[in-house]
Amino acid sequence: MFACWPALPLLIALVSAAALAPALLRALQSAGHTRANFRQRPLPFPFGVLSLAASLLALIPLMLLQRLASTQLFHPEVLPVALYALGVLALGLIDDTLAPPQDAEGARAPRGWRGHGAAVVRGELSTGTLKAAGSLGLALLAMSYLGLSEGRWLLAAAVLVLSTNVFNLLDLRPGRATKVFVLLGAGLTLGAMNLRPLWALGLFAAPALVAGVYDLRERAMIGDTGANLLGALAGLWLVLTLSGTGQLIALALLLVITVYGELRSISALVERTPGLRELDSWGRPS
């Protein structure tokens with residue numbers, strides 16, 4: 001008998017993340033892996049590694065169960081999802097560990113496409129440029145497993161890369177990126193009335209949400225490791241849910257947000273917009 005339990009990866013990954021989170025929090029704190037948040041409070045960082053550890057740990061019972069009990073747990077889309085998610089986690093971790101927040105003169109490290117582009121021209125190692133180029137390569141490879149036409153393949157890869165970058169731009173206040181991810185996922189699921197993308201993303205989405213709760217409560221910072229994963233999963237959710245026309249619209253919106261974030265402050269926009277300001281601050285400690 002061949003059973004199918006598509007929600008099990010999400011549930012086991014959720015339990016794995018919840019169990020690992022307190023120990024990881026203590027380990028980062030005791031090892032001195034902290035960074036000041038926007039209130040200048042030193043917090044364990046980068047807590048986004050919880051998603052990497054919890055998802056890989058969850059694979060042990062999941063793969064044993066699937067193989068030994070003849071139980072189908074994963075949708076075929078899990079291969080490109082895992083490929084892109086794990087790669088983006090690695091790129092985000094490189095950025096978090098190798099990119100100092102300030103240089104020797106006290107100036108901020110390069111930010112945005114212009115800043116990273118200028119760093120490359122100067123012959124400096126820009127982890128942001130490495131992350132952008134690496135994300136593009138990963139997106140092209142991951143989307144090649146979906147059997148898309150050339151045009152749809154390039155479109156899907158572009159959606160993934162821009163979504164990954166946009167969530168990095170959003171991660172300037174505790175829990176902001178996580179809230180946008182939840183709202184986007186809820187909208188896509190209700191609009192399409194389809195849970196299949198959620199099950200395909202569940203192995204990584206569940207730990208990302210657990211890490212996001214700690215980030216929202218200002219007990220840790222997810223860093224680029226966590227924010228990039230949320231962006232990657234959001235992009236994958238868009239690709240797995242929307243038609244070609246829908247993806248074109250999503251790409252245009254992502255491009256607008258990217259350009260705005262390059263030229264203006266998203267946080268300032270949120271602060272002066274009623275409704276957005278209240279939603280953005282909801283759940284944070286006072």
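Residues numbered from 1 in each chain as written. Predicted model: local features only at pLDDT ≥ 70, side-chain atom pairs only at ≥ 80, totals over all residues. Heavy atoms only, no water.

Asks: What exactly am I supposed to notice about the overall build of the chain here?
Replies: Within the chain, the regular secondary structure consists of 12 helices and 4 strands. Scored against the burial criterion, the 286 residues of the chain give a buried share of 46%. Pairs at least 24 apart in sequence give 79% of the contacts found in the chain among residues at least 6 apart. If you sum the accessible surface of the chain, you get close to 13900 Å²; carbon and sulfur atoms cover 69% of it. (Helix = DSSP H or I, 4+ residues; strand = E, 2+ residues; numbered from the N terminus. Buried < 20%, exposed > 50% of the residue type's maximum accessible area, 1.4 Å probe, protein only. Contact = heavy atoms within 4.5 Å. Areas by Shrake-Rupley, 256 points an atom, 1.4 Å probe, with all protein chains shown as cover.)

Asks: Can you walk me through the layout of surface pockets in this structure?
Replies: Taking a probe equal in size to a water molecule and rolling it over the atoms shows the remaining empty space. Size it by volume and the second largest pocket reaches roughly 670 Å³. In terms of lining residues, the second largest pocket is bounded by 25 residues, among which Val 166, Phe 167, Leu 170, Val 180 and Ile 257 are the most central. Put simply, the parts of the chain that give the lining of the second largest pocket at least two residues each are helix H6 (150-170), helix H7 (176-192), helix H9 (223-241), helix H10 (244-263), helix H11 (266-271) and helix H12 (276-281). At 7 residues, the largest contribution of residues to the lining of the second largest pocket is made by H10. (1 Å grid on protein atoms, 1.4 Å probe; cavity = no way out; pocket = protein on both sides within 12 Å on 5 of 7 lines; lining within 4 Å. Points joined across faces, edges and corners; volume = space filled by probe spheres on them.)

Asks: I'm lost on a nonpolar patch on the surface in this one. Help?
Replies: Taken together, Leu 57, Ile 60, Leu 64 and Leu 68 make up a surface patch of nonpolar side chains, about 420 Å² in accessible area. In this structure, Leu 68 sits in helix H2 (residues 49-68). (Patch = residues over 30% accessible without salt bridge, like charges linked within 9 Å, V, L, I, M, F, W, Y side chains within 5 Å. Salt bridge = Lys/Arg side-chain N within 4 Å of Asp/Glu carboxyl O.)

Asks: I would appreciate a short explanation of the nonpolar core in the present structure.
Replies: In a soluble, globular protein the nonpolar side chains are often hidden away together inside. One finds Phe 47, Tyr 84 and Leu 233 to be the most contacted residues of the largest nonpolar core, which totals 69 residues. Ranked by the residues each element gives to this core, the list is headed by H6, at 11 residues. In contact with Phe 47, other than residues within four places in its own chain, are Ala 21, Leu 24, Leu 25, Leu 28, Ala 211, Tyr 214, Ala 220, Met 221 and Ile 222. (Core = buried A, V, L, I, M, F, W, Y, C linked by side-chain atoms within 4.5 Å.)

Asks: Looking at this model, I keep getting lost on H10. Mind explaining?
Replies: When the terminal C-alpha atoms of H10 are compared, their 29 Å separation across 20 residues agrees well with the 28 Å that a helix rising 1.5 Å per residue should span. Here H10 has its buried residues at Gly 244, Gly 246, Gln 247, Ala 250, Leu 251, Leu 254 and Thr 258. Relative to the axis of H10, the buried residues are bounded by an arc of 140° and lie together on one face. Residues of H10 that are exposed and point over 90 degrees away from its buried face: Thr 245, Leu 248, Ile 249, Leu 253, Val 256 and Leu 263. (Expected span 1.5 Å × (residues − 1). Arc of directions from axis to C-beta.)

Asks: Is there a simple way to think about the side chain of Asp 96 in this case?
Replies: Mapped onto the elements, Asp 96 comes out in helix H3 (residues 78-98). No salt bridge is formed by the buried Asp 96; the nearest opposite charge belongs to Arg 35, separated by 4.9 Å. Polar side-chain contacts of Asp 96 include one of 3.0 Å to the backbone nitrogen of Asp 224. Every residue in contact with Asp 96, bar those within four places of it in the chain, is listed here: Arg 35, Phe 45, Pro 46, Ile 222, Gly 223, Asp 224 and Thr 225. (Lys, Arg positive; Asp, Glu negative; His and termini not counted. Polar contact = N/O pair within 3.5 Å; in protein donor to acceptor, adjacent residues only side chain to side chain.)

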